[in-house]
Amino acid sequence: GGTDALGGGEEPSSSSSSSSSSDCCEIVLGIDPDRNGAIAILRSTRVDDGEAGCRLEVRAEVIDVPVYKVAIGKTSKGRERIDAAQLAQLIKRLDFPKHKTVAFLEGGGVEYHFSSYSAFVQGVGVGIWEGVLSHAEIPWHKINSKTWKTLFELVGSRKKKTENDDGGDGAEGDGAKKKRASRGTKVKSSSVALARQIFPELEEELLPKGKHGRADALLIASYGHLVRAQEEGLQSSLKDVFVEAGLKGLSSEKLKLDLLTANELKVLLKDRGLKVSGKKGELIERLLEHGGEKE
């Protein structure tokens, strides 16, 4: 299995950096570990804006994950699997500077209520990526898909199946399958549309059907970049683009709260004498209505 280098297919030349007052400060990787997944690379350049202070300018590219086909039963088409050896070679060739690179890996498996087959495929993919990143000594953070999708206001949150959905005997019925497929299609189309809006220079690479992993990887990397910028107290050109796209919920205060666990949010709510029930998004909104992280 080979790889398709996107975003021009070449490393940006040194002349594409801003000026002598700028320097490459960090590389954030976003990884969709699915068999149709990809790795997005966001290179940040620190630019001095004078009185406005430093801000991060971002350049993006995305690369398909190398795969190979496995024969399943008597089917002639077979199914694709991540090629671990080729992936390790790809990361080695890219030669990311260890002290400037951090990866955000989307988690997958039974702990995220996936179907048994999806849990198997995603689990294998996540395991391969964990091994490759650890071997390359690249620090990584595993995040739930719902975390970044909620931040970017994407539709299609997964709901627990009811007895009526699965036919009452634990086996998923046709109606539940259709509903789940419909939700998945909406999420994929929404993530592609958002990624095309945020990264217009990669629009052609985001158009092919079946390549939604490229969009997901870019948004996962964007989540990681925004979190890192927030932690370092830096402004980001990428955040400005998201806000211009209508995601006005990406306030600094919301990003701070998004980094906390649900239990940590409940502690803040309890300290304020507020209700502690609800999902994480509801807890964050309640805190924002009453002064955010700090009073």
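Details of the structure are given in the entry above.
Below is a short write-up of the structure.

Rules and cut-offs
Residues numbered from 1 in each chain as written. Predicted model: local features only at pLDDT ≥ 70, side-chain atom pairs only at ≥ 80, totals over all residues. Heavy atoms only, no water. Salt bridge = Lys/Arg side-chain N within 4 Å of Asp/Glu carboxyl O. Helix = DSSP H or I, 4+ residues; strand = E, 2+ residues; numbered from the N terminus. Buried < 20%, exposed > 50% of the residue type's maximum accessible area, 1.4 Å probe, protein only. Arc of directions from axis to C-beta. Phe/Tyr/Trp six-rings, centres within 6.5 Å; stacked < 30°, edge-to-face > 60°. Axes fitted to C-alpha atoms, helices over the stretch in contact; angles between N-to-C directions. Left-handed = near helix turned anticlockwise from the far one by under 90°. Contact = heavy atoms within 4.5 Å. Nonpolar A, V, L, I, M, F, W, Y, C, P; charged D, E, K, R; others polar. Core = buried A, V, L, I, M, F, W, Y, C linked by side-chain atoms within 4.5 Å. Expected span 1.5 Å × (residues − 1). Parallel < 35°, antiparallel > 145°, perpendicular 65-115°, else oblique. Polar contact = N/O pair within 3.5 Å; in protein donor to acceptor, adjacent residues only side chain to side chain.

## Describing the pattern of salt bridges
Per the stated rule, a full pass over the model turns up ten salt bridges. As a salt-bridge pair, glutamate 232 and arginine 46 come within 3.9 Å of each other at their nearest N and O atoms. With glutamate 232 in helix H5 (residues 212–232) and arginine 46 in strand S2 (residues 38–48), the pair connects residues that are 186 residues apart, well separated along the chain. Judged by relative accessible area, which is 44%, glutamate 232 ranks as partly exposed. Note that lysine 211 and aspartate 64 form a salt bridge whose closest N and O atoms lie 3.3 Å from each other. Note that lysine 211 is positioned in the loop between helix H4 (174–198) and H5 and aspartate 64 in strand S3 (residues 54–64), a separation of 147 residues in sequence.

## Description of helix H8 (residues 262–271)
Along H8, the residues classified as buried are Leu265, Leu268 and Leu269. Buried positions in H8, seen along its axis, are confined to an arc of 100° and lie on one side of it. Structural note: H8 exposes Asn263, Lys270 and Asp271 on the side pointing more than 90 degrees away from its buried face. Immediately downstream of H8, the backbone of glycine 273 shows phi near 70°, a positive value.

## Focus on the environment of phenylalanine 242
In this fold, phenylalanine 242 is placed in helix H6 (residues 237–244). Exposure remark for phenylalanine 242: the relative accessible area of 0% places this residue in the buried category.

## Structural notes on the packing of aromatic side chains
Enumeration according to the criterion identifies two aromatic pairs in this entry. Ring geometry for phenylalanine 104 and tyrosine 223: centres 6.4 Å apart, planes at 80°, overall edge-to-face. Of this pair, phenylalanine 104 sits in strand S6 (residues 101–106) while tyrosine 223 sits in helix H5, and the two are 119 residues apart along the sequence. Between phenylalanine 152 and phenylalanine 242, the ring centres sit 4.7 Å apart and the planes meet at 5°, which makes this aromatic pair stacked.

## Some remarks on unusual backbone geometry
Negative phi values dominate among residues other than glycine, just as trans dominates among peptide bonds. At aspartate 95, a residue that is not glycine, the phi angle is positive and equals roughly 50°. In this structure, aspartate 95 sits in the loop between helix H1 (84–94) and S6. Positive phi is not limited to glycine here, since glutamate 153 has a value of about 60°. Within the secondary structure layout, glutamate 153 lies in the loop between helix H3 (145–151) and H4. Assessed through its relative accessible area of 46%, glutamate 153 is described here as partly exposed.

## Re the packing of H1 against helix H2 (residues 116–135)
Running from N to C, H1 and H2 cross one another at 35°; their axes reach a closest spacing of 10 Å. Read as a crossing pair, H1 and H2 show a hand that is right-handed. Residues Ala84, Leu87, Ala88 and Ile91 of H1 form the contact with H2, whose participating residues are Ile128, Trp129 and Val132. Grouping the constituent residues of the contact of H1 with H2 by class yields seven nonpolar, no polar and no charged.

## Looking at the nonpolar core
Grouped together as the largest cluster of nonpolar side chains are 32 residues, with contacts concentrated most on Phe152 and Phe242. Looking at this core, the elements with two or more residues in it are S2, S3, S6, H3, H4, H5 and H6. Looking at this core element by element, the count peaks at nine residues for H5. Within the second largest apolar cluster, 21 residues are counted, among which are Ile91, Phe96, Ala103 and Val126.

## Description of H5
End to end, H5 covers 30 Å across 21 residues, agreeing with the expected 30 Å (1.5 Å per residue, within 8%). With 18 of its 21 residues buried, H5 lies for the most part within the structure. Looking at the residues trailing H5, positive phi occurs at glycine 233, about 70°.

## Observations regarding the packing of H8 against helix H9 (residues 280–289)
Where H8 contacts H9, the two axes come as close as 10 Å, and the packing angle between them is 30°. It follows that H8 is roughly parallel to H9 by the angle criterion. Pair H8 / H9 crosses with left-handed handedness. Residues Ala262, Leu265, Lys266, Leu268 and Leu269 of H8 form the contact with H9, whose participating residues are Lys280, Leu283, Ile284, Arg286 and Leu287.

## As for the side chain of serine 236
Along the chain, serine 236 turns up in strand S8 (residues 235–236). There is a polar contact of 2.6 Å between the side chain of serine 236 and the side chain of histidine 225.

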